[in-house]
Amino acid sequence: MLVDHFPPAGLRLTTPRLELRLPSPEELAELADLAAGGVHDPDASPFLVRWTDAPPAEAARSVIHYHWRQLGAWTAREWSLDLTVFRDGVVAGQQSLAARDLGITRQVRTTSWLGRRHQGQGVGTEMRAAVLHLAFAGLGAEEALSGALEHNVASLAVSRKLGYEPDGRRRHALDGRMVVEHRFRLSRDAWERHRTVPVQIDGLEPCLPLMGLDAPPAAAGSTWRAKT
C-alpha cells in the first residue's frame, strides 16, 4: 500500500467540522476544480504568486502541478505537507504546514486557501487550528510563522484570533505597485492560551522520520478537548 512507502498518506486530522489529509487523485481533481471556481475577489488577490490570475483551466492545472511538485521534493530536512480540507466530505480548500530542519529549529510555517463558498464561516480558523495542533502537540514545534498581505483581512483576523503576535512587515513589488505583507509569529505558550478547537491526530508516528524527527512528544496522537 502507498502508506507503507510514504506514511504521510495515512496522516489524518479531524476537528468538529473538518477532516484534513492528503487527497486521492480524484479528490485532487476536485480541489483543482474548486480553485478554478475562484478563491478571492478578482481585484483583491491575497497571493504574491498570482496563480489565480490565470484562466480557470490553467489555475486548476497549477494546483495539481504544485501538489505533485511538493510531494516530489519532500525530504526529511525540508518538507511541505499540503493537506486537502474536507467539510462534511466536500473538498473546501487546502491547508499547508511546512518546515525546514524541524528537529533543530522547532519552527513551522503555514499557508492556506479556501473556496469562496466556504469562506466567512469560521472554516479558515478551524483548519489552521488543526495544523497548529499537529505542529505543537504532534511535532513538538516551539513556534509557527504566518503572513498575509495587508488587504487580506480574513487571514489577518485568523492569526490574531489564534494568538499570533506581529513579527514585522515586508514590502513587495506586485503588478507595478507596492504591497505590504504583515508577518506573524505564534509561540507555544500563546498557542496553549488561545486554542479552543478539539483536534484528533491519526497516523502520525510513522511519519516522524520523514519529518526529521526521531520520536513524538508525549501529546502526539491524542485528542485535545476544549475546556468547558
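Residues numbered from 1 in each chain as written. Predicted model: local features only at pLDDT ≥ 70, side-chain atom pairs only at ≥ 80, totals over all residues. Heavy atoms only, no water.

J.: I tried to follow the sheet that holds strand 7 (residues 165-174) on my own but got confused; where do I start?
T.: By way of backbone hydrogen bonds, the strands of a sheet pair with one another, either parallel or antiparallel. Ordered by their spatial adjacency, nine strands build an open sheet running 7-8-6-5-4-3-2-1-9, and the pairing between neighbours is mixed. Lying at the two open borders of the sheet, with one neighbouring strand each, are strand 7 and strand 9 (200-202). Adjacent strand axes in the sheet meet at a mean angle of 25°, parallel and antiparallel pairs treated alike. By the bridge criterion, eight bridges tie strand 7 to strand 8 (residues 177-187) in an arrangement that is antiparallel. Residue pairing in the sheet places R171 in a bridge with V180 of strand 8. The strands that helix 3 (residues 56-72) touches are strand 3 (78-87), strand 4 (90-100) and strand 5 (107-114); relative to strand 3, the one it contacts most, it runs at about 135°. Sitting on the sheet, helix 6 (residues 153-161) touches strand 6 (143-149) and strand 8, and the angle it makes with strand 6 is about 155°. (Pairing = 2+ DSSP bridges. Helix = DSSP H or I, 4+ residues; strand = E, 2+ residues; numbered from the N terminus. Axes fitted to C-alpha atoms, helices over the stretch in contact; angles between N-to-C directions. Contact = heavy atoms within 4.5 Å.)

J.: For this particular structure, what's the right way to read the side chain of D82?
T.: Residue position: D82 is located in strand 3. Although D82 lies buried, it forms no salt bridge, and the closest oppositely charged side chain, R69, sits 8.9 Å away as judged by the N-O distance. Side-chain polar atoms of D82 contact the side chain of S80, separated by 3.0 Å. Here the side chain of D82 touches S96 through a polar contact of 2.5 Å, side chain to side chain. With residues near it in sequence (within four places) discarded, D82 still touches L22, Y66, H67, Q70, Q94, Q95 and S96. (Buried < 20%, exposed > 50% of the residue type's maximum accessible area, 1.4 Å probe, protein only. Lys, Arg positive; Asp, Glu negative; His and termini not counted. Salt bridge = Lys/Arg side-chain N within 4 Å of Asp/Glu carboxyl O. Polar contact = N/O pair within 3.5 Å; in protein donor to acceptor, adjacent residues only side chain to side chain.)

J.: Would you explain the confidence of the model for the protein chain in this entry?
T.: Predicted confidence across the protein chain gives a mean pLDDT of 87, with 87% of residues reaching 70 or more. In the model, residues 219-228 has pLDDT below 50 throughout and makes 21 contacts with residues more than four positions away in sequence or in other chains. (pLDDT = per-residue confidence, 0-100.)

J.: When you look at the pairing of strand 2 (residues 18-21) in this model, what are you seeing that I'm missing?
T.: Across a regular strand the side chains alternate sides, sitting on one face of the sheet and then on the other. The pairing of strand 1 (residues 12-14) with strand 2 spans three bridges and is classified as antiparallel. Bridging across to strand 2, T14 finds its partner in E19. Connecting strand 1 to the antiparallel partner strand 2 that follows it, the hairpin turn spans three residues.

J.: Quick question: what am I supposed to make of the side chain of T15 here?
T.: When you line up the elements, T15 lands in the loop between strand 1 and strand 2. Overall, the relative accessible area of 7% leaves T15 in the buried class. A polar contact of 2.6 Å, which involves the side chain of T15, links it to the side chain of E126. Those residues in contact with T15, other than ones at most four positions away along the chain, are E126, A130, V197, P198 and V199.

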